[in-house]
Amino acid sequence: MEATGTDEVDKLKTKFISAWNNMKYSWVLKTKTYFSRNSPVLLLGKCYHFKYEDEDKTLPAESGCTIEDHVIAGSVEEFRKDFISRIWLTYREEFPQIEGSALTTDCGWGCTLRTGQMLLAQGLILHFLGRAWTWPDALNIENSDSESWTSHTVKKFTASFEASLSGEREFKTPTISLKETIGKYSDDHEMRNEVYHRKIISWFGDSPLALFGLHQLIEYGKKSGKKAGDWYGPAVVAHILRKAVEEARHPDLQGITIYVAQDCTVYNSDVIDKQSASMTSDNADDKAVIILVPVRLGEERTNTDYLEFVKGILSLEYCVGIIGGKPKQSYYFAGFQDDSLIYMDPHYCQSFVDVSIKDFPLETFHCPSPKKMSFRKMDPSCTIGFYCRNVQDFKRASEEITKMLKFSSKEKYPLFTFVNGHSRDYDFTSTTTNEEDLFSEDEKKKKKKKK
């Protein structure tokens, strides 16, 4: 009886904390982000310069857009459509209970898992849809004003708290249906793209069956000693994503894999082996690969000497973003203007969406407005991601990034390196098995303090 009473108290405590976090992370006023017309804006390899939106001009050499193959666009609307088309994954509430806990929300602890999901989602968009793809309905998403947003939040908190105590769940009806959306498309190619757009989002649904959903990622994290409600660092999330993709049995996902760098080193032969793993007499195609590189951009604070390198990385079309943030808050970095980084913020609590229904709503998976923050505020611990469609692309990317590392490094050693051969040739194991090894020294100190 005593144990049962304690369990009930723990459950009530969990529900109260969840309700509080739902209120805390719903109380986000949508403020405008201002962009300069005098500087280029880079978003995952695409360059926009609003100064020239009404003029048929190319950018001057000193504008900063000097890397080859940039797609240069002048329209503010084109930038907005491109940004909104990226998949946005945020805190959710009232999803199916996470196994082994009483949690039905990730508010307050799941932000790094969410930014990891966003990075993987961008990799899957490149894989299935390409960098040029944008969502046709992107500009139809409305940005709520601050006053109605705040008023809505108060009502939402009250309802959320009452529902958390009673165990009830509220489901919202979709506003943009699959039938309505597909009906707009004029050819089979556009229809195929929309099917994959929805399929990719469904893989990140908040249910136990979703391949890359929170429930599955937490399950893979258990093998590293993590559990629901714990803090996850960028390096740990990189390995969780690798495991999730390796374990995915969906036919569409057999042509892609993930490689995680070890000790800031990418072993070229290990990557190529992973890409060639599916090559048989029946299937001669090599796999695409997402390269994840956990790094530190400094010790206690981010070293501003790395700014130009980070800009260079985000200027590459095969970059899939950076899992980073500022202390205690994880953000998904996708671009920059001048010395400010452009990001998507997962710290907004939204209602659970059942992605198993045929015409689930898409709006809450696309961010209506970008945010910016100074590079100086960035936490030094982060994970950088790249996508390579085949072995040839990987070889070309490794050469290009190596050049960038040499030119940008003011330190004695580059931030990370590409080396020939396998990790075993250097007496390293091919995978990390000790969960503690995934943490930087700074992260280990933080863990000890929490204990």
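Residues numbered from 1 in each chain as written. Predicted model: local features only at pLDDT ≥ 70, side-chain atom pairs only at ≥ 80, totals over all residues. Heavy atoms only, no water.

## Describing the overall build of the protein
Next, step 1: Of the regular secondary structure elements, the protein holds twelve helices and 14 strands.
Next, step 2: In the protein, the proportion of contacts linking residues at least 24 apart, taken out of those at least 6 apart, comes to 76%.
Next, step 3: Carbon together with sulfur atoms contributes 51% to the accessible area of the protein, which is approximately 22000 Å² in total. (Helix = DSSP H or I, 4+ residues; strand = E, 2+ residues; numbered from the N terminus. Contact = heavy atoms within 4.5 Å. Areas by Shrake-Rupley, 256 points an atom, 1.4 Å probe, with all protein chains shown as cover.)

## Points about the packing of aromatic side chains
Next, step 1: Taken as a whole and assessed by the stated rule, the structure comprises 20 aromatic pairs.
Next, step 2: Relative to Phe 416, the ring of Phe 386 has its centre 6.4 Å away and its plane inclined at 45 degrees; by these criteria the two rings are tilted. Of this pair, Phe 386 sits in strand β13 (residues 381-388) while Phe 416 sits in the loop between α11 (391-408) and β14 (417-419), placing them 30 residues apart in sequence.
Next, step 3: Phe 386 sits in the buried class, given a relative accessible area of 1%.
Next, step 4: Its relative accessible area of 1% is what places Phe 416 among the buried residues.
Next, step 5: An aromatic cluster is built from Phe 309, Tyr 318, Phe 386, Phe 394, Phe 416 and Phe 418, whose rings are joined through pairwise contacts. (Phe/Tyr/Trp six-rings, centres within 6.5 Å; stacked < 30°, edge-to-face > 60°. Buried < 20%, exposed > 50% of the residue type's maximum accessible area, 1.4 Å probe, protein only.)

## Side note on the state of the cysteines
Next, step 1: Within the structure shown, the criterion is met by zero disulfides.
Next, step 2: The thiol sulfur of Cys 264 is not disulfide-bonded, and the nearest other cysteine sulfur, from Cys 382, lies at 9.7 Å.
Next, step 3: The thiol of Cys 349 is not disulfide-bonded; the next cysteine sulfur, from Cys 107, is found 3.1 Å away.
Next, step 4: Judged by its relative accessible area of 0%, Cys 349 is buried. (Disulfide = S-S within 2.5 Å.)

## A closer look at the nonpolar core
Grouped burial of nonpolar side chains is what soluble globular proteins tend to show.
Next, step 1: Membership of the largest hydrophobic core comes to 71 residues, with the highest contact counts inside it found for Trp 109, Leu 113, Leu 120, Leu 124, Ile 200, Phe 204 and Phe 212.
Next, step 2: With nine residues, the top contributor of residues to this core is helix α3 (residues 111-128).
Next, step 3: Ignoring anything within four residues of it in the chain, the contact list for Leu 113 reads Leu 214, Leu 217, Ile 218, Tyr 232, Val 237 and Ile 240.
Next, step 4: One finds Tyr 267, Phe 375, Cys 388 and Ala 397 within the second-largest nonpolar core, a separate group that totals 42 residues. (Core = buried A, V, L, I, M, F, W, Y, C linked by side-chain atoms within 4.5 Å.)

## As for the pairing of strand β7 (residues 288-296)
Looking along a regular strand, one sees the side chains alternate between the two faces of the sheet.
Next, step 1: Where burial is concerned, most of β7 is hidden: eight out of the nine residues are buried.
Next, step 2: Relative to β7, strand β5 (residues 256-260) runs parallel, the two sharing five bridges. Note that in β7 the partner of Val 260 across the bridge is Leu 292.
Next, step 3: As paired elements, β7 and β13 share eight bridges and run antiparallel to each other. When the bridges of β13 are listed, Ile 290 appears paired with Tyr 387. (Pairing = 2+ DSSP bridges.)

## Structural notes on helix α9 (residues 268-276)
Next, step 1: Among the residues making up α9, those that are buried are Asn 268, Asp 270, Val 271 and Gln 275. Buried positions in α9, seen along its axis, are confined to an arc of 165 degrees and lie on one side of it. (Arc of directions from axis to C-beta.)

## Some words on α3
Next, step 1: Between its first and last C-alpha atoms α3 spans 26 Å; for 18 residues at 1.5 Å apiece the expected length is 26 Å, and the two agree.
Next, step 2: Judged by how many residues are buried, α3 sits mostly within the fold: 18 of 18 residues are covered.
Next, step 3: A positive backbone phi angle near 90 degrees is found at Gly 130, which sits one or two residues after α3. (Expected span 1.5 Å × (residues − 1).)

## Notes on the pattern of salt bridges
Next, step 1: Going through the model one piece at a time under the given rule, you end up with 17 salt bridges.
Next, step 2: The closest approach of N and O atoms between Glu 77 and Arg 80, which form a salt bridge, is 3.6 Å. Here Arg 80 and Glu 77 lie together in helix α2 (residues 76-85), a separation of three residues that amounts to about one turn.
Next, step 3: On the accessibility criterion, Glu 77 (41% relative accessible area) is partly exposed.
Next, step 4: Here Arg 86 and Asp 82 are joined by a salt bridge, their closest N and O atoms 2.8 Å apart.
Next, step 5: Taken together, the salt bridges that share partners define one network made up of Asp 82, Arg 86 and Arg 131. (Salt bridge = Lys/Arg side-chain N within 4 Å of Asp/Glu carboxyl O.)

## Focus: the pairing of strand β9 (residues 329-337)
Next, step 1: When you tally the buried positions in β9, you get eight out of nine residues, the bulk of the element.
Next, step 2: Bridge count between strand β1 (residues 41-43) and β9: two bridges; the pairing is antiparallel. Within β9, the position partnered with Leu 43 by the bridge is Gly 335.
Next, step 3: The sheet contact formed by strand β8 (residues 319-326) and β9 spans five bridges and is antiparallel. The partner of Lys 326 across the bridge, within β9, is Gln 329.
Next, step 4: Hairpin connection, β8 to β9: the antiparallel pair is bridged by two residues, and Lys 328 has positive phi, about 75 degrees.

## Quick word on the confidence of the model for the protein
Next, step 1: Averaged over the protein, the pLDDT score is 80; the fraction of residues at 70 or greater is 70%.
Next, step 2: Counting contacts from residues 144-182, a segment whose pLDDT is below 50, to residues more than four positions away or on other chains yields 66 contacts. (pLDDT = per-residue confidence, 0-100.)

## Description of the packing of helix α7 (residues 214-222) against helix α8 (residues 234-247)
Next, step 1: At a minimum axis distance of 9 Å, the contact between α7 and α8 shows a crossing angle of 110 degrees. As summarised for this structure, α7 and α8 are arranged roughly perpendicular, according to the angle between their axes. Contacts from Leu 217, Tyr 220 and Gly 221 in α7 reach Ile 240, Leu 241, Lys 243, Ala 244 and Glu 247 in α8.
Next, step 2: Of the residues that constitute the contact of α7 with α8, the class distribution is five nonpolar, one polar and two charged. (Axes fitted to C-alpha atoms, helices over the stretch in contact; angles between N-to-C directions. Parallel < 35°, antiparallel > 145°, perpendicular 65-115°, else oblique. Nonpolar A, V, L, I, M, F, W, Y, C, P; charged D, E, K, R; others polar.)

## Let's talk about the packing of α3 against helix α6 (residues 188-202)
Next, step 1: Running from amino to carboxyl end, α3 crosses α6 at an angle of 155 degrees, the nearest separation of the two axes being 11 Å. In terms of orientation, α3 and α6 fall into the roughly antiparallel class. Helix-helix and strand crossings are classified by hand; for α3 and α6 the assignment is right-handed. Note on element contacts: α6 touches α3 through Arg 192, Tyr 196 and Ile 200, opposite Ala 121, Leu 124, Ile 125 and Phe 128. (Left-handed = near helix turned anticlockwise from the far one by under 90°.)

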